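What the coordinates show
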Amino acid sequence: MAELILITGGARSGKSSYALEVSEKKSHSRIFIATCPSIDQEMSDRVTRHREERQGRGWQTIEEEIELAALFPEKVQDAGVVLIDCVTLWVNNILYNYGEEKVDDFVIKNLCLKWLLAMENFPGTVICVTNEVGLGVVPENRLARKYRDLVGTCNQLIGRKADEVVLVSCGVPLKIKKKRS
Ligand SMILES: Nc1nc2c(ncn2[C@@H]2O[C@H](COP(=O)(O)OP(=O)(O)OP(=O)(O)O)[C@@H](O)[C@H]2O)c(=O)[nH]1
């Protein structure tokens, strides 16, 4: 892969819009990989809002909740930039589909590494969106604590491999890891 960029932030921080902007500067040939399952009206409304935001801006959308590794490189090979939105929901989907008891730090690390490795054969730029889920109080619920930790593990893996990491807060991007020139 030419470049890996990780964009993180809180809910409704503006990270998705920023990720679109950055992607559009990278290439005219763009694929949006959505990991969000449309399970209720609230989710559907969010998805509709995002689809409208991309409308007429040259995006092709692939909805894939689990098998990110299977998309690379063949299914996205014509794209100059691939945007994955978002890692947080991918972790959620893994927990839900595999069964919470079957997913621990080791399992999530390996699953995340699988798609990071698959991306290495993709010649374009990959941009991943994630959430900073660990900044608030420690959740009372055990599953919520586990989820928070698994997301943190994936964010670290991707962040270490990334050329650039950007934290978006209040709609403002802050580069926290910069590519060496
Ligand atoms: N299934 C599906 N999901 C989509 C599509 N477009 C966007 N999404 C999902 O929308 C989710 C992000 O939406 P929000 O929850 O509104 O984002 P947010 O965290 O509140 O806001 P920002 O920080 O501003 O991005 C991501 O998980 C995407 O996968 C799509 O076309 N299909």
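Residues numbered from 1 in each chain as written. Predicted model: local features only at pLDDT ≥ 70, side-chain atom pairs only at ≥ 80, totals over all residues. Heavy atoms only, no water.

The name given to the protein chain in an unreviewed UniProt entry is Adenosylcobinamide kinase/adenosylcobinamide phosphate guanyltransferase, with Desulfomarina profundi as the source organism.

This part is about the site of the ligand. Looking at the ligand, there are 22 residues lining it, with K15, S16, R46, E63 and D85 nearest. Between the ligand and S13 there is a distance of 3.0 Å, counted from an oxygen atom to a backbone nitrogen or oxygen. Take H50: an N or O atom from its side chain is 2.7 Å from an oxygen atom of the ligand. Computed on the free molecule, the ligand has an accessible area of 670 Å², of which 93% lies beneath the protein chains in the complex. For the shell around the ligand, the secondary-structure elements that each account for two or more residues are helix 1 (15-26), strand 2 (30-34), helix 2 (41-54) and strand 3 (59-63). No other element matches the six residues that helix 2 contributes to the shell around the ligand. In the shell around the ligand, the residues fall into seven nonpolar, seven polar and eight charged. (Near = heavy atom within 4 Å. Polar contact = N/O pair within 3.5 Å; in protein donor to acceptor, adjacent residues only side chain to side chain. Areas by Shrake-Rupley, 256 points an atom, 1.4 Å probe, with all protein chains shown as cover. Helix = DSSP H or I, 4+ residues; strand = E, 2+ residues; numbered from the N terminus. Nonpolar A, V, L, I, M, F, W, Y, C, P; charged D, E, K, R; others polar.)

So, on to the packing of aromatic side chains. Applying the stated criterion across every chain, the model contains three aromatic pairs. Plain terms: the ring middles of F32 and W59 are 6.1 Å apart, the flat faces sit at 85 degrees to each other, and that makes the pair edge-to-face. Taken together, the residues span a long stretch of sequence, with F32 in strand 2 and W59 in strand 3 at a distance of 27 residues. Note on accessibility: F32 and W59 belong to one class, buried. Relative to F122, the ring of F72 lies with its centre 5.7 Å away and its plane at 75 degrees, an arrangement referred to as edge-to-face. (Phe/Tyr/Trp six-rings, centres within 6.5 Å; stacked < 30°, edge-to-face > 60°. Buried < 20%, exposed > 50% of the residue type's maximum accessible area, 1.4 Å probe, protein only.)

On to the pairing of strand 3. On any regular strand, side chains alternate: one points to one face of the sheet, the next to the other face. Where strand 2 and strand 3 come together, five bridges link them in parallel fashion. Following the sheet pairing, I31 is matched in strand 3 by Q60. Each parallel crossover has a hand, and the one from strand 2 via helix 2 to strand 3 is right-handed. (Pairing = 2+ DSSP bridges. Right-handed = clockwise from strand over helix to strand, strands pointing away.)

Between the first and last C-alpha of helix 2 there are 20 Å, a value that for 14 residues agrees with the 20 Å anticipated at 1.5 Å per step. Where helix 2 is concerned, the buried positions are M43, V47 and R54. Along the axis of helix 2, the buried residues cluster in a sector spanning 35 degrees; they form a single face. Turned more than 90 degrees off the buried face of helix 2, the exposed positions are Q41, E42 and E52. Lining the buried residues of helix 2 we find helix 1, strand 2, strand 3 and helix 3 (87-98). Two residues or fewer past helix 2, G56 is found with a positive phi of approximately 70 degrees. (Expected span 1.5 Å × (residues − 1). Arc of directions from axis to C-beta. Contact = heavy atoms within 4.5 Å.)

Here we come to the packing of helix 3 against helix 4 (residues 105-119). Where helix 3 contacts helix 4, the axes come no closer than 12 Å and their chain directions differ by 125 degrees. Put simply, helix 3 runs oblique to helix 4. Along this stretch, helix 3 crosses helix 4, giving a crossing that reads as right-handed. Contact residues: helix 3 offers V87, W90, V91, I94 and Y98, while helix 4 offers I108, L111, C112 and W115. (Axes fitted to C-alpha atoms, helices over the stretch in contact; angles between N-to-C directions. Parallel < 35°, antiparallel > 145°, perpendicular 65-115°, else oblique. Left-handed = near helix turned anticlockwise from the far one by under 90°.)

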